[in-house]
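Tertiary structure, described
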Amino acid sequence: MLQANPVSAWKVFKQIIQRDIRVASRQRSDLLNPLIFLLIVVTLFPLGVGPGPDILGRIAPGVIWVSALLSSMLGLERLFRDDFRDGALEQMLLLPVPVEISVFAKIVVHWLLTAVPVLVITPLLALLMNLPIQAWGVLWLTLLLGTPVLSAAGAIGVALTVSLNKGGALLSLLLLPLLIPLLIFATAAVEAAVVGVSPAGPLALIGAFMVLSITLAPFAVKAGLRVSVN
Amino acid sequence: MSDKVAVPVLLEANELMSIRGERTLFSDLQLRVQAGEIWQIEGPNGAGKSSLLRILAGLLPAQAGSVSFQQQLISEDREAYYQNLLFIGHKAGVKPELTAIENLEFYAAVQGVELKETPYELLAKVGLVGLEDIPAQGLSAGQQRRIALARLWLTQASLWILDEPFTALDVEGIALLHARFAEHLKAGGAIILTSHQELITEFYQVQALRLRYQH
């Protein structure tokens, strides 16, 4: 009789991350486009509203967060779209480890590839928007805590819409309402830091969003994918 | 163990029913696949061949009935089933950005297979030598199919479910596949496949399950 070896969940997790990073490194424009979009929007704002330093500093948290949110929506579909088209998604559901593990790996890869570059250029964005320097750290922190929510909640939306040909508009419609609390608390935290109040409250809430979304999203994504591959 | 032991039943489907849209594809379908058997699902387009394979693989829920692998319901012991199942569907799961070797190494690793030979030897077997550094998207349809089917050489799964494995393959590729099938059946494996071609081969006996188009 043939006997197959068991495979560890951790190994599958690493393999998926490795493969997806390799795939992404061969289609770089997909990765760069959202980042360039983010940079362009943030660069255009000072030109559009005028370079008055106080007005820019005041709207900076909102502008940076709204642009980050929209740019993440731009690249979101590729989370499962390509895998759906070439059949890799089907194969992922057939791996001998819990689907949640593979889904979590996909979310982690997406975060690494989309959010880390944003975190790297955050100081540049803050500078362009003339954000008071005492708020830079908090802005960075809100993005660090908030971007995993974007990836995790985004994965749920993509899992549900991946089999639809024109799922893009539906995806934004599904997701944006879910992300509004994140936007409100993130900008509240940065604004608190700007005026010199402790941002701990909203930051703690964003942290809670993050923990909640990355732990529960894989289960929802699994259910969504089951429906989509039918 | 004595030789008298009955041939083990690998996969058993009971009273399966599938409805797609408004149409009943099949109902009361029974299937018993024993070790060493190859089953061909036949039927016209739209008769539900692919749906049946996807139900057997656990990708699609059946409206009624149950599927069990080695006497275990597949919904109850999912991991044990997928340890022993190799499913290759219409969309083969080959990443077009990766080379043949990268694709195969990924599938070997996630299925817990230790490569006994170098990936080059494996590629030589399926006739992809010299193409190992080209991303799969630069290869022809038949060559991409060969990458997916190369997984048959590095799997330890006992049950193979293959949807139209011969599509896009040339004569030589088809012969290669038949030889591999024979080897697998001899080792105590089983195969369920769909194909529009008559499987004519001296290597093994094909069991047929015929689905009819129901209005």
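Residues numbered from 1 in each chain as written. Chains lettered and ligands numbered in written order. Predicted model: local features only at pLDDT ≥ 70, side-chain atom pairs only at ≥ 80, totals over all residues.

Attention now goes to the interface of chain A and chain B. Between chain A and chain B, the contact holds 27 residues from the first and 31 residues from the second. Secondary-structure elements contributing two or more residues to the side of chain A that touches chain B are helix H1 (9–25) and helix H5 (88–93) of chain A. Here the side of chain A that touches chain B gets 6 residues from one element, more than from any other, and that element is H1 of chain A. Residues belonging to the side of chain A that touches chain B are distributed by class as follows: 14 nonpolar, 7 polar and 6 charged. (Contact = placed C-beta atoms within 7 Å. Helix = DSSP H or I, 4+ residues; strand = E, 2+ residues; numbered from the N terminus. Nonpolar A, V, L, I, M, F, W, Y, C, P; charged D, E, K, R; others polar.)

Most of helix H1 (residues 49–56) of chain B is tucked away: 7 of the 8 residues are buried. Check the buried side of H1 of chain B and you find it contacts strand E1 (9–20), strand E2 (23–34), strand E3 (38–42), strand E4 (64–69), strand E7 (159–163) and strand E8 (190–194) of chain B. (Buried ≥ 20, exposed ≤ 12 C-beta atoms within 10 Å, placed from the backbone.)

All names here are of chain B. Assigned domains of chain B: these are domain 1 (7–84 + 159–169 + 188–210) and domain 2 (92–156). Here the C-alpha centroids of domain 1 and domain 2 sit 25 Å apart. Contact with domain 1, which involves 5 residues of that partner, is made by 5 residues of domain 2. Tallied by class, the residues present in the side of domain 1 that touches domain 2 amount to 4 nonpolar, 1 polar and no charged. (Domains from an automatic or database assignment.)

Attention now moves to the confidence of the model for chain B. Here chain B averages 87 in pLDDT, while 95% of its residues score no lower than 70. Reported for the predicted complex are a pTM of 0.92 and an ipTM of 0.89. (pLDDT = per-residue confidence, 0-100.)

A word on the pairing of E1 of chain B. Put simply, side chains in a regular strand alternate between the two faces of the sheet. All names here are of chain B. Judged from the 8 bridges that link them, E1 and E2 form a sheet pairing that is antiparallel. Within E2, the position partnered with Leu16 by the bridge is Leu29. Counted along the chain from E1 to the antiparallel partner E2, the turn is 2 residues long, and its residue Gly21 has a positive phi close to 65 degrees. (Pairing = 2+ DSSP bridges.)

Right, let's get into the sheet that holds E3 of chain B. Residues and elements named next belong to chain B. Ordered in space as E6-E7-E8-E3-E9, the 5 strands form an open sheet in which the pairing is parallel. Every interior strand has two partners, whereas the edge strands, strand E6 (85–88) and strand E9 (206–210), have only one. Strand-to-strand twist in this sheet, taken as the mean axis angle between neighbours without regard to direction, amounts to 15 degrees. For E7 and E8, the ladder comprises 5 bridges, and the chain directions are parallel. Note on E8: the bridge partner recorded for Ile161 is Ile192. Together, E3, E7 and E8 form the strand contacts of helix H6 (residues 171–186), whose direction differs from that of E8 by roughly 145 degrees. (Axes fitted to C-alpha atoms, helices over the stretch in contact; angles between N-to-C directions.)

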